[in-house]
Amino acid sequence: MMNDSLFSLVCAGEIFELKAELNSDKKEKKKEAVKKVIASMTVGKDVSALFPDVVNCMQTDNLELKKLVYLYLMNYAKSQPDMAIMAVNTFVKDCEDPNPLIRALAVRTMGCIRVDKITEYLCEPLRKCLKDEDPYVRKTAAVCVAKLHDINAQLVEDQGFLDTLKDLISDSNPMVVANAVAALSEIAESHPNSNLLDLNPQTINKLLTALNECTEWGQIFILDCLANYTPRDDRESQSICERVTPRLSHANSAVVLSAVKVLMKFMEMLPKDLDYYGTLLKKLAPPLVTLLSAEPELQYVALRNINLIVQRRPEILKHEMKVFFVKYNDPIYVKLEKLDIMIRLASQANIAQVLAELKEYATEVDVDFVRKAVRAIGRCAIKVEQSAERCVSTLLDLIQTKVNYVVQEAIVVIKDIFRKYPNKYESVIATLCENLDSLDEPEARAAMIWIVGEYAERIDNADELLESFLEGFHDESTQVQLQLLTAIVKLFLKKPTETQELVQQVLSLATQDSDNPDLRDRGYIYWRLLSTDPVAAKEVVLAEKPLISEETDLIEPTLLEELICHIGTLASVYHKPPSAFVEGSRGVQHKRLPGSAGSGESVESPDTGSAAGVSEAPPAVIPSQGDLLGDLLNLDLTPPTTTGPPPPSSGMQMGAMDLLGGGLDSLLGGDLGGSPAMGAGFGAPPAAMPASFTAPVSGGLDDLFDLGGGVGMPMGAYSPPKTVWLPAMKAKGLEISGTFARRAGVIQMEMTLTNKAMSVMTDFAIQFNRNSFGLAPAGPLQVLTPLSPNQSIEVTLPLNTVGPVMKMEPLNNLQVAVKNNIDVFYFSCQYPISMLFVEDGKMERQVFLATWKDIPNDNESQFQIKDCHLNSDAASNKLQGSNIFTIAKRTVEGQDMLYQSMKLTNGIWVLAELRVQAGNPNYTVSTEPIYPIMNISQESNGSLNQTINTVLH
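Residues numbered from 1 in each chain as written. Predicted model: local features only at pLDDT ≥ 70, side-chain atom pairs only at ≥ 80, totals over all residues. Heavy atoms only, no water.

Honestly, the overall build of the protein in this entry has me stumped. Any pointers?
Across its full length, the protein carries 39 helices and 13 strands. Going through the 953 residues of the protein one by one, you find that 52% of them count as buried. For the protein, the computed accessible surface area is about 43000 Å², with 50% contributed by carbon and sulfur atoms. (Helix = DSSP H or I, 4+ residues; strand = E, 2+ residues; numbered from the N terminus. Buried < 20%, exposed > 50% of the residue type's maximum accessible area, 1.4 Å probe, protein only. Areas by Shrake-Rupley, 256 points an atom, 1.4 Å probe, with all protein chains shown as cover.)

In structure tokens:
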């Protein structure tokens, strides 16, 4: 044991004195000098100048001195790599020492010296130690291989150390086996595709044999390795479980949790009707209960793991409710975790004792704990229907205590109970209204407002109650403002004659006096609904609401499976996958329980007759006829509709569903020109061409076509570069960037989905709003594998043009909703008009001539293309790649004139004239649609001219 005086070396000539003592002939003096050096090093003093003198002390038989020198060497070798080479010979010599402790010490130190220059000198000593006759040396050498691999992976592979390490799994000594498994697991984590741990039944049998005899940490290594193995069948799974079960009675809690992890994973493969399955469930409960008798910190870790286990298999601890009752001296973090598990285990059989406990907790002095206890009573009511009445009665008793924070929490949970059991417990509303003045927390005020608005017809003075909230509208939180707006609109729809002034007041406050975009948008939507179609407004605002689910705070199933595979690690405490908190997690693999077929347990295909392989895709959200924003705003998923005739073109209806059209703009004083003729020319393509297309042609511009030609091979369709459509900060970590392309006659939406959140994303679906050209998905959004954190995936979505049509601003604007397991997100993007030019857009010359003459001059629009350095032939080829076809070309006074045609997906033909002057980088384009698109030919021509400009650049 070191003396305290060793740490008080402050002499000016200290280094000089130590150097003299290190070179002393007396062994004891030399040992004391090395101790002083280590002591100085420990307190942060720089003693690197003594490196050669300390290294000289390595040549000794004294084990204690050798350990001290090796400790110094590990600390300073990195800063003195050239001098560290001096120690190589000693390492080699020590690796052949008769004393196994010295051999092991040498090989351990070799692994800790992270210096590239000397690693290659250490290969031979390490190879000898891996095959040493003493198991202590072999187990130390096994760990050294993992350390060396971290420094120079290629060297370890070239020297064949990995194969030697695999051989050690068959070693006769269990500790050697455990260390070999630990080393291979460590290497495999940083190289997930290396398949180093090639587990098979023979290897598993060796590991299970070693499991019984090695130390507790060795058992953890082996159990963690077993957890990565997938048994061939239920018989093998049962056999492994039987041999792992004794570890549940181990004194070390880490061993117990590792054993639980293995059993939880292999239970997935056992048939539930098997007798052993029930036996195993019973055996898992006692060790988990025992973990709760440890100190609070260990209790918390155990509780976080139990929380996961209970979510996956609540039957394991269903009879152990009393263990999770809170003790008076439990720390708050343990109390809250126990409370959460109590709710998860609550059932009809034990609800009486649970409620009695929770009511007791609600009278505690810890405010946070009391709030959670009151919320827990509400969760019990929602989870166990038979207990709802008793829960409501308990909450009313708590409200009578008049303790402010208890009353507010009780009102919040009663609102949830009303949503779960409508028209059942409304008799308590009068009691709630008595406490209206005491509410000062936003969540409680919002809950009370919701109750008043939802049951306004049963509350005589509902208008007075809501008006009292309205007085301080701008001082309220956003949550309260939104709820108040909706509640007053509900009240108006139920009592229109009495509350007209009140609803006008709240709509004015929300739309004209508010800066909050959410509040303003909701106000405009309500205003529009009420002003155009009150019947539709009633159907929307007073629609029957879905019942809330029993458990809204359960971990998402895919994430839960992964966390079960990480029981006993930090991931199970954080309830986050390792990739979310391990920095530079290059080797973190996403684990799944065996027998779980991806999302197949949680998502059923809407089309059971689909082909194999396709049925596992997430359901798509495809727009249906007659629905505008309804499907965008709700979460209803409808089966894909990709066939059938295109919907009829109709003018914009001024009804309740016109949420993005001219109606809302009219309300704001704008005008989108929503005339009945707005959709002319859209929908189904024209059945026959106009008469002018087939009229006989003679004279006039006939000679124009005699000079035609100059149309070469197309250069490929234009596709804009990808841009970010949906930033991650606006979509809870989901980033979407994309572009549009036309390939082989099919319009495609090419997207990159990036998960910048901490949880896995699944169940993707997509839906478009009505748009100018009827663009709609031609099939579901194919994201077949879960999108892990920090992962990106490329997705191509084919589109068709048979969707609902409505004029957008600008014309090529597309509004999109994307859904995943987290939420629904909205964004808008603009597609290039050139994507809509079809392949059969090359008009016959004679038809072109007749049509060109018949188009009114009013339809013509001119546009300058600047800084384009292509000649006429190159320009023609480039345009043809985007289905803009050159019909003829002529040269007049050194100016090339290209006459072109293109046809849109809705059947509209566009004719164009492109003038190219040699040496002049500025072109002139004239476009003439045969029909004025959407009765706004100027805007359409501008879009078409801009499209030609984009393609040429």
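Now that the structure has been shown, the text picks up again.
What am I meant to see in the sheet that holds strand β8 (residues 824–830) here?
What holds strands together in a sheet is hydrogen bonding between their backbones, with the strands either parallel or antiparallel. The antiparallel open sheet is built from 3 strands, whose spatial order is β4-β7-β8. Each edge of the open sheet is held by one strand with a lone partner, namely β4 (765–768) and β8. Neighbour-to-neighbour, the strand axes of this sheet turn through a mean angle of 25 degrees, independent of strand direction. The pairing of β4 with strand β7 (residues 813–819) spans 4 bridges and is classified as antiparallel. When the bridges of β7 are listed, glutamine 767 appears paired with alanine 817. (Pairing = 2+ DSSP bridges. Axes fitted to C-alpha atoms, helices over the stretch in contact; angles between N-to-C directions.)

So what exactly am I meant to see when it comes to helix α17 (residues 253–266) here?
Counting along an α-helix, one turn takes 3.6 residues, and residues three or four places apart therefore face a common direction. Over its 14 residues, α17 runs 20 Å from end to end, which matches the ideal 20 Å to within 8%, given 1.5 Å per residue. On the buried face of α17, the contacting elements are α15 (216–226), α16 (234–244), α18 (275–291), α19 (296–312) and α32 (557–564). Where α17 starts, the residue carrying a side-chain oxygen 2.8 Å from the main-chain nitrogen of alanine 254 turns out to be asparagine 252. (Expected span 1.5 Å × (residues − 1). Contact = heavy atoms within 4.5 Å. Polar contact = N/O pair within 3.5 Å; in protein donor to acceptor, adjacent residues only side chain to side chain.)

Sorry, what's going on with the confidence of the model for the protein here?
Close inspection of predicted coordinates is inappropriate for parts of the model with low pLDDT. Residues with a pLDDT of 70 or more make up 81% of the protein, whose mean pLDDT is 78. Between residues 596–714, whose pLDDT stays under 50, and residues either more than four places distant or in other chains, the model counts 196 contacts. Note that residues 931–940 has pLDDT below 50 and, in this model, 25 contacts with residues that lie over four places away or in other chains. (pLDDT = per-residue confidence, 0-100.)

What exactly am I supposed to notice about helix α4 (residues 63–76) here?
Over its 14 residues, α4 extends 20 Å from the first C-alpha to the last, a length consistent with the 20 Å expected when each residue adds 1.5 Å. Buried within α4 are the following residues: Leu65, Lys66, Leu68, Val69, Tyr70, Tyr72, Leu73 and Tyr76. Summarising the contacts, the buried residues of α4 are in contact with α2 (27–42), α3 (51–56), α6 (88–94) and α7 (100–112).

Explanation requested: the side chain of glutamate 750 in the structure shown.
Looking at the secondary structure, you find glutamate 750 in strand β3 (residues 746–755). For glutamate 750, a relative accessible area of 14% gives the class buried. Among all residues touching glutamate 750, those that are not within four sequence positions of it are Lys722, Ser737, Gly738, Thr739, Ala741, Arg743, Val795 and Thr796.

Help me out: how do you make sense of the packing of aromatic side chains in this one?
Centre distance and the angle of the planes are the two values used to describe a pair of aromatic rings. Considering all chains together, one arrives at 11 aromatic pairs under this definition. Ring geometry for tyrosine 574 versus phenylalanine 581: centroids 4.8 Å apart, planes at 85 degrees, classification edge-to-face. You can call phenylalanine 581 partly exposed: its relative accessible area is 31%. On the basis of an interplanar angle of 70 degrees and a centroid distance of 6.0 Å, the ring pair of phenylalanine 740 and tyrosine 831 is categorised as edge-to-face. Of this pair, phenylalanine 740 sits in strand β2 (residues 734–743) while tyrosine 831 sits in the loop between β8 and α37 (845–854), placing them 91 residues apart in sequence. Residue class for tyrosine 831 comes out buried when judged on its relative accessible area of 1%. Put simply, the rings of Trp725, Phe740, Phe773, Phe827 and Tyr831 pair up and form one aromatic cluster. Its guanidinium or amino end placed over the ring of phenylalanine 369, lysine 335 lies 5.2 Å from that ring's centre, counting from NZ or CZ. (Phe/Tyr/Trp six-rings, centres within 6.5 Å; stacked < 30°, edge-to-face > 60°. Lys NZ or Arg CZ within 6 Å of the ring centre and 35° of its normal.)

Looking at this model, I keep getting lost on the pairing of β8. Mind explaining?
Here 7 bridges tie β7 to β8, and the two strands are oriented antiparallel to one another. Each bridged residue has a counterpart across the sheet, and for lysine 819 the counterpart in β8 is valine 824. Linking β7 back to β8 in an antiparallel pair, the connection comprises 4 residues.

Help me out: how do you make sense of the state of the cysteines in this one?
Put plainly, a disulfide is one covalent bond tying together the sulfur atoms of two cysteines. Enumeration according to the criterion identifies 0 disulfides in this entry. Of all cysteine sulfurs, the one in cysteine 95 lies closest to cysteine 129, which takes part in no disulfide; the gap is 3.9 Å. Among the residues examined, cysteine 129 registers a relative accessible area of 0% and is labelled buried. Free of any disulfide, cysteine 144 has its nearest neighbouring cysteine sulfur in cysteine 112, separated by 7.8 Å. (Disulfide = S-S within 2.5 Å.)

Quick question: what am I supposed to make of a nonpolar patch on the surface here?
Judged by side-chain polarity, Leu570, Tyr574, Phe581 and Val582 come together as a nonpolar surface patch covering roughly 340 Å² of accessible area. Relative to the helices and strands, leucine 570 resides in helix α33 (residues 570–574). (Patch = residues over 30% accessible without salt bridge, like charges linked within 9 Å, V, L, I, M, F, W, Y side chains within 5 Å. Salt bridge = Lys/Arg side-chain N within 4 Å of Asp/Glu carboxyl O.)

Can you walk me through the nonpolar core in this structure?
As a rule of thumb, nonpolar side chains are buried together in soluble globular proteins. Of all hydrophobic cores here, the largest spans 209 residues; its most connected members are Tyr72, Leu126, Leu207, Val244, Leu358 and Phe418. Among the elements that make up this core, the one with the highest residue count is helix α28 (residues 478–494) (10 residues). Filtering out sequence-adjacent residues up to four positions away, leucine 358 remains in contact with Leu339, Met342, Ile343, Ala373, Ala376, Ile377 and Cys380. Grouped together as the second largest cluster of nonpolar side chains are 52 residues, Met751, Leu753, Phe768 and Met902 included. (Core = buried A, V, L, I, M, F, W, Y, C linked by side-chain atoms within 4.5 Å.)

What's the story with unusual backbone geometry in this structure? I'm lost.
What you tend to see is this: most non-glycine residues have negative phi, and most peptide bonds are trans. For the bond from glutamate 809 to proline 810, the omega torsion is 0 degrees, close enough to zero to count as cis. A positive phi is found at asparagine 883, a non-glycine position, where the angle reads about 65 degrees. Inspection of the secondary structure puts asparagine 883 in the loop between α38 (872–880) and β10 (885–892).

Would you mind going over the sheet that holds β3 with me for this structure?
Strands sit in the order β1-β2-β3-β6-β5 across an open sheet of 5 strands; the sheet is antiparallel. Of all strands in the sheet, those with a lone pairing partner are β1 (723–726) and β5 (776–777), marking the two edges. Bridge count between β1 and β2: 3 bridges; the pairing is antiparallel. Residue valine 724 lies in a different strand from β2, and its bridge partner there is serine 737.

Teacher, can you tell me more about the side chain of threonine 851 here?
Counting through the fold element by element, threonine 851 comes out in helix α37. Within the structure, threonine 851 has its side chain in polar contact with the backbone oxygen of valine 847 (distance 2.7 Å).

Teacher, can you tell me more about the packing of helix α26 (residues 442–454) against helix α27 (residues 462–470) here?
Geometry of a packed helix pair, given as the angle between the helix axes and the separation of the axes. Running from amino to carboxyl end, α26 crosses α27 at an angle of 150 degrees, the nearest separation of the two axes being 10 Å. For the element pair α26 / α27, the angle class is roughly antiparallel. Where α26 crosses over α27, the two elements pack in a sense that is left-handed. Of the residues in α27, those touching α26 at Arg445, Ile449 and Val452 are Ala462, Leu465, Leu466 and Phe469. Split into classes, the residues belonging to the contact of α26 with α27 amount to 6 nonpolar, no polar and 1 charged. (Parallel < 35°, antiparallel > 145°, perpendicular 65-115°, else oblique. Left-handed = near helix turned anticlockwise from the far one by under 90°. Nonpolar A, V, L, I, M, F, W, Y, C, P; charged D, E, K, R; others polar.)

Sorry, what's going on with the packing of α16 against α17 here?
In contact at an axis separation of 10 Å, α16 and α17 are set at 160 degrees when each is read in the N-to-C sense. Comparing the axis directions of α16 and α17 gives the class roughly antiparallel. The element α16 and its partner α17 pack so that their crossing is left-handed. Note on element contacts: α17 touches α16 through Ala259, Val262, Leu263 and Phe266, opposite Ser237, Ile240, Cys241 and Val244. Split into classes, the residues belonging to the contact of α16 with α17 amount to 7 nonpolar, 1 polar and no charged.

How should I be thinking about the pattern of salt bridges in this particular structure?
Opposite charge on two side chains lets them pair, provided their charged atoms get close. For the coordinates displayed, the defined rule picks out 36 salt bridges. Salt-bridge contacts for lysine 261 lead to aspartate 224; the nearest nitrogen and oxygen are separated by 2.9 Å. You can see lysine 261 sitting in helix α17 and its partner aspartate 224 sitting in helix α15, a full 37 residues away along the chain. Note that arginine 371 and glutamate 441 form a salt bridge whose closest N and O atoms lie 2.5 Å from each other. With a gap of 70 residues between them, arginine 371 in helix α22 (residues 367–383) and glutamate 441 in the loop between α25 (429–434) and α26 connect regions that are remote in the sequence. Take glutamate 441: its relative accessible area is 21%, and that puts it in the partly exposed class. Within this structure, Glu268, Arg312, Arg313, Glu315 and Glu561 form a network of salt bridges that share partners.

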